[in-house]
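Descriptive analysis of the structure
Here's the letter readout for the chains.
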There are 4 protein chains.
Amino acid sequence: MHYLSGPVAVEGAEPGDCLVVDILDVQPYENIPWGYTGIFELEGGPGGLFATEFQTHAAKAIWDFEGIYASSLHIPGVRFAGIPHPGIIGTAPLHELLQTWNQRETGLIKEVGEKPGPPVASPPEHKGAYVGQDLPDEVRERIHREGARTISGREHGGNCDIKNLSKGSRCYLPVFVKGANLSVGDLHFSQGDGEMTFCGAIEMAGIVTFKTSIIKGGVEKFALKQPIFVPSPIDPVYSQQLVFEGISVDIRMHLHHFGGSVINLSIDGTGKQYNMDATVAYKQAALNAIAYLQKLGYTRQQAYLLLSAAPIESHVAALVDSPNACVTLGIPTAIFEQDILPKPEGLEKKDHGQCAIRSDGVV
Amino acid sequence: MHYLSGPVAVEGAEPGDCLVVDILDVQPYENIPWGYTGIFELEGGPGGLFATEFQTHAAKAIWDFEGIYASSLHIPGVRFAGIPHPGIIGTAPLHELLQTWNQRETGLIKEVGEKPGPPVASPPEHKGAYVGQDLPDEVRERIHREGARTISGREHGGNCDIKNLSKGSRCYLPVFVKGANLSVGDLHFSQGDGEMTFCGAIEMAGIVTFKTSIIKGGVEKFALKQPIFVPSPIDPVYSQQLVFEGISVDIRMHLHHFGGSVINLSIDGTGKQYNMDATVAYKQAALNAIAYLQKLGYTRQQAYLLLSAAPIESHVAALVDSPNACVTLGIPTAIFEQDILPKPEGLEKKDHGQCAIRSDGVV
Amino acid sequence: MHYLSGPVAVEGAEPGDCLVVDILDVQPYENIPWGYTGIFELEGGPGGLFATEFQTHAAKAIWDFEGIYASSLHIPGVRFAGIPHPGIIGTAPLHELLQTWNQRETGLIKEVGEKPGPPVASPPEHKGAYVGQDLPDEVRERIHREGARTISGREHGGNCDIKNLSKGSRCYLPVFVKGANLSVGDLHFSQGDGEMTFCGAIEMAGIVTFKTSIIKGGVEKFALKQPIFVPSPIDPVYSQQLVFEGISVDIRMHLHHFGGSVINLSIDGTGKQYNMDATVAYKQAALNAIAYLQKLGYTRQQAYLLLSAAPIESHVAALVDSPNACVTLGIPTAIFEQDILPKPEGLEKKDHGQCAIRSDGVV
Amino acid sequence: MHYLSGPVAVEGAEPGDCLVVDILDVQPYENIPWGYTGIFELEGGPGGLFATEFQTHAAKAIWDFEGIYASSLHIPGVRFAGIPHPGIIGTAPLHELLQTWNQRETGLIKEVGEKPGPPVASPPEHKGAYVGQDLPDEVRERIHREGARTISGREHGGNCDIKNLSKGSRCYLPVFVKGANLSVGDLHFSQGDGEMTFCGAIEMAGIVTFKTSIIKGGVEKFALKQPIFVPSPIDPVYSQQLVFEGISVDIRMHLHHFGGSVINLSIDGTGKQYNMDATVAYKQAALNAIAYLQKLGYTRQQAYLLLSAAPIESHVAALVDSPNACVTLGIPTAIFEQDILPKPEGLEKKDHGQCAIRSDGVV
């Protein structure tokens, strides 16, 4: 799923310290100026925001890098500045903390129980565990048995997939063990807030350069339960955005309802009302954005991949107005060749072809 | 809770059209250059993000407006540019849509069942219903019986509390009934993403000025299930932020765990693991920010009110790495008099007094 | 030319202090939601950047205000957020300082001597002097005789026409006399860097609201020879610009020179080489921008007025590479309805009509 | 003075075309993570904005690069994001155009005549001419005799030292000769608007990567007399600035004038009034900024070097209010470790040591 470098021991780092990591540079290998964004199949796949909605078929887009910009033959008509960053950056946990993770996550697996679709969590087990070579068998065995999977972010940071941990940003991480044991990886050329599909960022092969320093006792000084950071002053500025709203209802709506006027649009959600659920609200905002992009001629898969990979901004608008959480999703208008703003005459629907996909779902 | 003006009928608007609303101006009454942000008591209160955590006592902050800036004697040391906006803007629903709302929300109330704390939703009932005067009794009665409460945002917009619907923004709303019947209200001088406390924005008395136009058939043209908008080019720019992370675990951590080094910080969460829950992740990021602000000398209530009212930015970072959603919460550093960035020597803890509160919770 | 309010005495202000002025608000009268930008005739006019080049005829554009935006029937196809500001803000000079101004400016008039075209400076004289009413004749006489004209900015601030002294900005002015005697006026709804034409900003009738405070001894504390300021965080953000370069040569170029290929463009400058002259470089950048805008179908007068009134950014790029100063002029692309970026197929030349002008020059 | 790579012939480029150059990357050599900014001695030096004012001694600052940031032991207390860019980018001129350059520049030299100080222009001559090797003697001779010096920018672009031609920007250059013959060089890690000292940018050894394409007939299509460009979306954002004003008067002011209050500050300018001279106005704004920085404890040389190298913004505010041009110079406050904004208690004057300089002026 992702490569990881480390752990790197930082001399002098002790439990309770704050590890300061300056991200100096993140870039693709000079000879690999491309990356990809993918949608997995629901069947046996790791999921994705719309796993059950429309991941019956796998799909992907290959992105070509040209300086700071990414563009794709699979999603024509867009070109945007990347925000290269490591999807993963984290220190090593204490053994007690590791146990806490395993307990709570296996607990969740039990709680949810057997159900179709992607797993809710990945327990420590032999299957699918990849660890460094040259380890004594019993050590490797123990890692398989106790080591937390790196799919999800946790107190130490880890796979948080925060798009703004880009070059020029400074991160402050809690140190749990002697040496901190920093690991970094899962490089992305770009990503949208939320990283909708499981492989939603523009995954790239490249190099991350960073510098570390230590603030003694930083955990207590800064109440550092989890990493904090200061973003880079050179993250791309796209001042104009088209913003979509979503609430915590899986909306079901049929527009022939519209006063009898025949309108060819129907929303086939379940109609279920959720209780202040920002995840559902985000999904709804995304569905609204996808429907809009389809009006511009993009396929649902292209829209799904584009929103995952482009520098979209998703804000938690309000978590106060029971029962509906409200989340917004903003698309920078300047990344499109065509003007995407609403027009009295409607939107220009262009033929953008489609992303890499095979009708039998095998790519 | 909030005042609402309307409904205003827009000539020519028909079901299926898109109502374009240009927010021309939002400002407080000249003779009321102040507003407030409040925390309700848990007991009998409407809730808030941390209702059960620390709303045993009511609290509030009065904000003084000076041109574009807000500051408060109850939360000293900060001054920020407001983003005045209406918390509520929405068209009127079809009767069928109204019924859908009432059904799904009463359904949720049943589903959740009896439980302590704030209500999960507000059903249509006589109690607490405020409607325009001069109405025939049977009409008022019917509104009490069928009219959806305006606390939550829905397909038509409504109380979405989106901080960027400020002057200079343009909104596109779906029209469900003849004339659109636009309502606007709940003016805020400023608000942070998420509006943590129930009365978390800076509530103000003022005037909103807008202009409307119509795009025929806009619902179909733009797949307009819910409002979309283009933010204003004059929303405040605070380029540097200190960002906090949160994941979907109600973290429990005791720092004496930290390799024996005695550290006076413990996180008393339940330790519960949630399944990709962005609401929990937002709450965790908020708790981390509050703990940090306490290191600067702010009380928990002051921090809670400040994060609710100031122009903080909360992004949905990732909803992909099961089981942990990741949400970030960014505080603009320039709104503080003091330098709040982490320093090797630690943070300067100042005495900021406290917000308006009484130990018996009665304000 | 412009209205001025003041002088306002600030209690406690003494020579050597710094007068802090917070611009709280600048807005047009509610019942006068419009302004204008003008080009004067060369004959008897006050000048303008291109007085001798193409001000044979007077012209003007009326701008309609709609919330934060300005648009004009005289310059169709553009709409931009204003940066309302006072063109003039200044303290009163010492009498010695006043004498210095009069001496150096009358000196310049002598130095330049008789020449056609607009005056290089305006000496204190009876002609064209407007002063407050209800003054004893000898006082008025003396003001006519000694009072500096308010056309130009000076050490005290004055008519500097800095577009970013908008609401939310804070100015620090040197105090020369007891009470500071602050004057403010010449309100603009918007202006481009440089204010090309003499009446180049969008002149409006309105109200400016400000607050003052004093920093004792600020002149010495801050080496305050002239005003300094901190711009507002809500000045409009237009991230994408099309930028034109200019150097200190009044370029003369004939494009049939272009390798024999017949090209219908010739630059009829004098060909004169100036010595590191940023004013000439600015004019050249402006001429390049005007020529470009003409390719979009705007008349030379429309382009001249637009660049004067819209939020264009002009930077002093380099004053080091003898003999050519380099100045850039950037036009925000988002203020145009059409896409103005260079395209392989060329620019779309639209009929934008023309601004208010009469062939006999009398408007 | 600067290295130059090229000329590079672009296949298909013909006179009258527009050469589109995408700046893909600009970075220092990995093994040379440093650069320098210098002040030349007046004696025999090439000048600089304040050559005659305070360049009696040479001075310099070495800048260390750390990812996107630059800092210097010679100017402590500041750290800023660079905007790496080529100071020079230009196509080759026609022979007629070359002659025009030589005529007008030698004409200026004659016009100015013998005077002390740096040369006003550099005529084509054997002295100081550096050309590619392996050329027949007569060719090299002719280049010495006719080739324009690359010190100054001209119609073709050249050494314009525009700080925003950074990675991600797109330039449109006029093509004068077959193949365009593009030259690029003089790499800077960072530069302030104006590049005050002759060697004012952070000169670095590095690599620039670009891509070219051609727009046929672009010169006519875009009225392309000189290059135009679209800046990069990732240029650093420093939203808060402290801005200084300057007007076209070499101000002379003695503060004992200040109502008798004894103030230890006097401005020893000549008092000369210039006629709408933006170069003088820029110099005055710079002098005001330097005086302010001295109050923070920086030496005049440190301030001079800092303003030359850091991302300062200089705007042409107004060229309309005869006789005083107004130019502003803005310093981003976030690049300083200390808070540099004016405070009631005055500025904290720290000991920042001094830059590399020897009292005898020999470095």
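All values derive from a computational prediction rather than experimental measurement. (Residues numbered from 1 in each chain as written. Chains lettered and ligands numbered in written order. Predicted model: local features only at pLDDT ≥ 70, side-chain atom pairs only at ≥ 80, totals over all residues. Heavy atoms only, no water.)

Residues and elements named next belong to chain A. Segmentation of chain A into domains returns domain 1 (4-230) and domain 2 (241-357). Just the C-alpha atoms count here: the centres of domain 1 and domain 2 sit 27 Å apart. Each partner contributes to the interface: domain 1 provides 37 residues, whereas domain 2 provides 29 residues. Counting the surface lost from both domain 1 and domain 2, the interface buries some 2,700 Å², and carbon and sulfur atoms represent 67% of this. Broken down residue by residue, the surface that domain 1 buries against domain 2 is led by Phe54, Asp193 and Met196, which jointly contribute 24%. Close ionic contact of Lys283 with Glu53 constitutes a salt bridge, the shortest N to O distance being 3.0 Å. (Domains from an automatic or database assignment. Contact = heavy atoms within 4.5 Å. Buried area = accessible area lost by both parts, 1.4 Å probe. Salt bridge = Lys/Arg side-chain N within 4 Å of Asp/Glu carboxyl O.)

Residue-level contacts link 104 residues of chain B with 104 residues of chain A. Across the chain B/chain A interface, buried area totals approximately 8,600 Å², and carbon plus sulfur atoms make up 63% of it. Our count for the chain B to chain A interface comes out at two salt bridges. The salt bridge involving A:Glu111 is made with B:Lys272; its shortest N-O contact spans 3.5 Å.

Before going further, it helps to spend a moment on the pattern of salt bridges. Residues and elements named next belong to chain D. Tallied over the full model, the rule gives 56 salt bridges over all chains. Measuring nitrogen to oxygen at the nearest pair gives 3.5 Å for the salt bridge that ties Asp137 to Arg140. Pair noted here: Asp137 and Arg140 are both in helix H3 (residues 137-146), with a separation of three residues, about one helical turn. By relative accessible area, which is 58% here, Asp137 ends up exposed. (Helix = DSSP H or I, 4+ residues; strand = E, 2+ residues; numbered from the N terminus. Buried < 20%, exposed > 50% of the residue type's maximum accessible area, 1.4 Å probe, protein only.)

In this section: the pairing of strand E7 (residues 85-90) of chain D. All names here are of chain D. With six of its six residues buried, E7 lies for the most part within the structure. The pairing of E7 with strand E9 (residues 157-158) spans two bridges and is antiparallel. Within E9, the residue paired with Ile89 across the bridge is Gly158. (Pairing = 2+ DSSP bridges.)

Turning next to helix H5 (residues 278-295) of chain C. In an α-helix, one turn spans 3.6 residues; hence positions three or four apart end up facing the same way. Residue and element names in this part refer to chain C. Spanning 18 residues, H5 covers 26 Å between terminal C-alpha atoms, matching the ideal 26 Å at 1.5 Å per step. Counting buried positions along H5 yields 14 of 18 residues, so the element is predominantly enclosed. Gly297 occupies a position one or two residues after H5 and carries a positive phi of about 105 degrees. (Expected span 1.5 Å × (residues − 1).)

Residues and elements named next belong to chain B. For Arg149, the location among the structural elements is in the loop between helix H3 (137-146) and strand E8 (153-154). For Arg149, a relative accessible area of 15% corresponds to the buried category. Sequence-wise, Arg149 and Tyr282 are 133 residues apart; in three dimensions their C-alpha atoms are separated by 26 Å. Contacts of Arg149, omitting those with residues within four sequence positions, involve Ser122, Pro123, Pro124, Glu125, His126, Lys127, Gly128, Ala129, His144 and Arg154.

All names here are of chain A. Relative orientation of the contacting elements helix H5 (residues 278-295) and helix H6 (residues 300-309) amounts to 125 degrees, with a least axis distance of 9 Å. What the angle tells us is that H5 and H6 run oblique. Regarding H5 and H6, the two cross each other, and that crossing is right-handed. Between H5, through Ala286, Ala289, Ile290, Leu293 and Gln294, and H6, the contact on the second element is made entirely by Arg300, Ala303, Tyr304, Leu306 and Leu307. (Axes fitted to C-alpha atoms, helices over the stretch in contact; angles between N-to-C directions. Parallel < 35°, antiparallel > 145°, perpendicular 65-115°, else oblique. Left-handed = near helix turned anticlockwise from the far one by under 90°.)

Turning to the relation of the copies chain B and chain A, a few remarks are in order. For these two chains of identical sequence, chain B goes onto chain A by a turn of 180 degrees and a shift of 0.0 Å along the axis, with RMSD 0.0 Å. Such values leave the two copies arranged in the relation of a two-fold axis. Closest approach to the rotation axis within chain B is made by the C-alpha atom of B:His315, at a distance of 2.3 Å. A high fraction, 100%, of the interface residues of chain B reappear at the interface in chain A, so the copies pair face to face through one surface. (Least-squares fit on C-alpha atoms with pLDDT ≥ 70 in both.)

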